Amino acid sequence: RTEEQREVEIARAKGSVAKGMLPVLDDLDRAEKHGDLEEGTPLAAIADKIRTVVARLGVERYGEAGEAFDPQQHEAIFQAPTPGTTEATILEVVEVGYRLGDLELRPAKVVVAVPAE
């Protein structure tokens, strides 16, 4: 029982640290899209180190354009009726989702392509 409580406390502490890192990961993604993380630059090296530490904690990203929309994992912020679409599919990821094992740290916020009527 004590070992089980210890494991729960470790998971809770990791989750707390990981949640605190999400805004930093978002900023790194924005910097990368903007072209500020060019290979060999000091900022790119720092970004790699931060992402490595987060990955060692067990944090995983999810939510990619083209995936099937799952309301259990994704938060739809907009639905776009799209001709030719037969099932709800992620059209665009507005904010990447993160999880730590079974613990969802943040759902992916997405734009969903839905069948046009």
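Now for a quick tour of the structure. In this text, all values refer to a predicted model and were calculated from it rather than measured experimentally. (Residues numbered from 1 in each chain as written. Predicted model: local features only at pLDDT ≥ 70, side-chain atom pairs only at ≥ 80, totals over all residues. Heavy atoms only, no water.)

Read across the sheet, three strands follow the order E1-E4-E5 without closing on themselves; strand pairing throughout is antiparallel. Looking along the sheet, the strands with just one partner apiece sit at the ends: strand E1 (59-62) and strand E5 (103-106). On average, each strand axis in the sheet is inclined to that of its neighbour by 30°, with strand direction left out of account. Strand direction decides the pairing type here: E1 and strand E4 (residues 97-100), joined by four bridges, are antiparallel. Each residue of the ladder has a partner; that of glutamate 60, found in E4, is arginine 99. (Pairing = 2+ DSSP bridges. Helix = DSSP H or I, 4+ residues; strand = E, 2+ residues; numbered from the N terminus. Axes fitted to C-alpha atoms, helices over the stretch in contact; angles between N-to-C directions.)

In globular proteins that are soluble, nonpolar side chains generally tend to be buried together. Counting residues in each nonpolar core, the largest one holds 14 residues, and the members touching the most others are Leu22, Leu25, Leu37, Val59, Tyr98 and Leu105. Elements supplying a minimum of two residues to this core: helix H1 (2-34), helix H2 (42-57) and E4. Ranked by the residues each element gives to this core, the list is headed by H1, at five residues. Ignoring anything within four residues of it in the chain, the contact list for leucine 105 reads Gly15, Ala18, Lys19, Leu22, Val59, Tyr98, Arg99 and Leu100. Formed by six residues, the second largest nonpolar core is a distinct cluster that contains Tyr62, Ala108, Val110 and Val114. (Core = buried A, V, L, I, M, F, W, Y, C linked by side-chain atoms within 4.5 Å. Buried < 20%, exposed > 50% of the residue type's maximum accessible area, 1.4 Å probe, protein only. Contact = heavy atoms within 4.5 Å.)

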